[in-house]
Amino acid sequence: MEKSDPRIDEYINNSQEFAKPILNHLRHLVHLANPEIHETIKWGFASFDYKGPLCSMASFKNHVVFGFWKSELLNDPDGYVKARSNQGGEAMGNFGRITALSDLPLDDVIVGLVKQAVMLNDAKIKLPRKPKLPRQELLIPDYFNEALKENAHALHTFESFSYSNKKEYVEWFSEAKTEKTKNERLVSAIQWLSEGKTRNWKYLQKK
């Protein structure tokens, strides 16, 4: 299997200028840690695998993130690895929001963490199962319900969605800081739903 993936080159080339040196540096350190690591694209992000998922990096408009698949199992006495705040949000990652190379830990630290992640996969150590929390009733905002009723395709899509897919849309509205943002998101949501799309359709892996 090829260790490099031309889609990663394309991903980096299409990123913001500030992000390119960060992404290239992280990519270099990952392969420096273990030449057997291979690249791929998962969930729309630049990812690295070694006997399973290892780590990934993603570029956004104003920052870059980098995260380990088994971050909670890494030995990190100096606290370089931060808890992943949101699996599907822009603030995810273990080094916080990276805007420059100076925001990263030392190279030796990153290489050491990648080597740890490789050892975990070599040993086939899995993440502990998280206890299932009781599902809370999903409260659909009235304004969203009214908008859905005016678009039969959007309504049909939303009603056929799983609980988690519905929740992604509802939480997106609740996270809006202003009325203007909420209204803009509502318009986008109805359009996407009428096309059968989930909230995070942009980040799904293209097949």
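Residues numbered from 1 in each chain as written. Predicted model: local features only at pLDDT ≥ 70, side-chain atom pairs only at ≥ 80, totals over all residues. Heavy atoms only, no water.

1. Re unusual backbone geometry
So, point 1. The phi angle at W43 is positive, at roughly 55 degrees, despite the residue not being glycine.
So, point 2. In this fold, W43 is placed in the loop between strand 1 (38-42) and strand 2 (45-49).
So, point 3. The class of W43 is partly exposed, set by a relative accessible area of 45%.
So, point 4. In this model, K124 sits at a positive phi of 60 degrees, which is unusual for a non-glycine residue. (Helix = DSSP H or I, 4+ residues; strand = E, 2+ residues; numbered from the N terminus. Buried < 20%, exposed > 50% of the residue type's maximum accessible area, 1.4 Å probe, protein only.)

2. A look at the nonpolar core
So, point 1. With 38 residues, the main nonpolar core has M57, F66 and F68 as its most contacted residues.
So, point 2. Elements supplying a minimum of two residues to this core: helix 1 (6-13), helix 2 (19-33), strand 2, strand 3 (53-59), strand 4 (64-68) and helix 3 (107-122).
So, point 3. A per-element tally of this core places helix 3 first, with eight residues.
So, point 4. Within the second largest apolar cluster, 14 residues are counted, among which are A147, F158, F161 and F173. (Core = buried A, V, L, I, M, F, W, Y, C linked by side-chain atoms within 4.5 Å.)

3. What about the sheet that holds strand 4?
So, point 1. Read across the open sheet, the four strands follow the order 1-2-3-4; overall the sheet is antiparallel. Looking at the sheet topology across the chains shown, the edges are occupied by strand 1 and strand 4. Strand-to-strand twist in this sheet, taken as the mean axis angle between neighbours without regard to direction, amounts to 25 degrees.
So, point 2. Bridge analysis of strand 1 against strand 2 gives five bridges, and the strand direction is antiparallel. Paired with T40 across the two strands is S47, which belongs to strand 2. (Pairing = 2+ DSSP bridges. Axes fitted to C-alpha atoms, helices over the stretch in contact; angles between N-to-C directions.)

4. Concerning the pattern of salt bridges
So, point 1. Tallying each qualifying case throughout the model produces twelve salt bridges.
So, point 2. The partner of D49 in a salt bridge is K42, and the shortest N-O contact between them spans 2.8 Å.
So, point 3. The exposure class assigned to D49 is buried, which follows from its relative accessible area of 10%.
So, point 4. The salt bridge partner of K197 is E195, with a shortest N-O separation of 2.9 Å. (Salt bridge = Lys/Arg side-chain N within 4 Å of Asp/Glu carboxyl O.)

5. Focus on the side chain of N34
So, point 1. Tracing the backbone through its elements, the reader meets N34 in the loop between helix 2 and strand 1.
So, point 2. A polar contact is formed between the side chain of N34 and the backbone nitrogen of E36, at a distance of 2.8 Å.
So, point 3. Not counting chain neighbours up to four residues away, the residues in contact with N34 comprise Y50 and V118. (Polar contact = N/O pair within 3.5 Å; in protein donor to acceptor, adjacent residues only side chain to side chain. Contact = heavy atoms within 4.5 Å.)

6. Quick notes on a nonpolar patch on the surface
So, point 1. Taken together, the side chains of W43, W69 and L127 make up a nonpolar region of the molecular surface, amounting to roughly 280 Å² of accessible area.
So, point 2. One can find W69 in the loop between strand 4 and helix 3. (Patch = residues over 30% accessible without salt bridge, like charges linked within 9 Å, V, L, I, M, F, W, Y side chains within 5 Å. Areas by Shrake-Rupley, 256 points an atom, 1.4 Å probe, with all protein chains shown as cover.)

7. With respect to helix 3
So, point 1. Given a rise of 1.5 Å per residue, 16 residues ought to cover 22 Å, and the 22 Å separating the end C-alpha atoms of helix 3 matches this to within 8%.
So, point 2. Buried residues along helix 3 sit against helix 2, strand 3 and strand 4.
So, point 3. Two residues or fewer past helix 3, K124 is found with a positive phi of approximately 60 degrees. (Expected span 1.5 Å × (residues − 1).)

8. Focus on the packing of helix 1 against helix 2
So, point 1. One can describe the packing of helix 1 onto helix 2 by two numbers: an axis separation of 9 Å at closest approach and a directional angle of 150 degrees. Accordingly, the angle class assigned to the pair helix 1 and helix 2 is roughly antiparallel. Packed against helix 1, whose contacting residues are I8, D9, Y11, I12 and N13, the element helix 2 presents K20, L23, N24 and R27 at the interface.
So, point 2. Residues that form the contact of helix 1 with helix 2 fall into these classes: four nonpolar, two polar and three charged. (Parallel < 35°, antiparallel > 145°, perpendicular 65-115°, else oblique. Nonpolar A, V, L, I, M, F, W, Y, C, P; charged D, E, K, R; others polar.)

9. Quick look at the side chain of T40
So, point 1. Relative to the elements of secondary structure, T40 occurs in strand 1.
So, point 2. Taking relative accessible area as the criterion, T40 reaches 14% and is therefore assigned buried.
So, point 3. Within the structure, the side chain of T40 is placed 3.4 Å from the side chain of R7, a separation counted as a polar contact.
So, point 4. Beyond its immediate chain neighbours, meaning those up to four positions away, T40 contacts D5, R7, I8, F45, A46, S47 and D49.

10. Section: helix 7 (residues 179-194)
So, point 1. The terminal C-alpha atoms of helix 7 lie 23 Å apart, and with 16 residues this matches the ideal 22 Å at 1.5 Å per residue to within 8%.
So, point 2. Here helix 7 has its buried residues at K182, L186, A189, I190, W192 and L193. Mapping the buried residues of helix 7 onto a view down its axis gives an arc of 165 degrees, with all of them on the same face. Exposed residues lying more than 90 degrees from the buried face of helix 7 are K180 and V187.
So, point 3. Where helix 7 is buried, its residues meet helix 4 (142-149), helix 5 (152-160) and helix 6 (163-174). (Arc of directions from axis to C-beta.)

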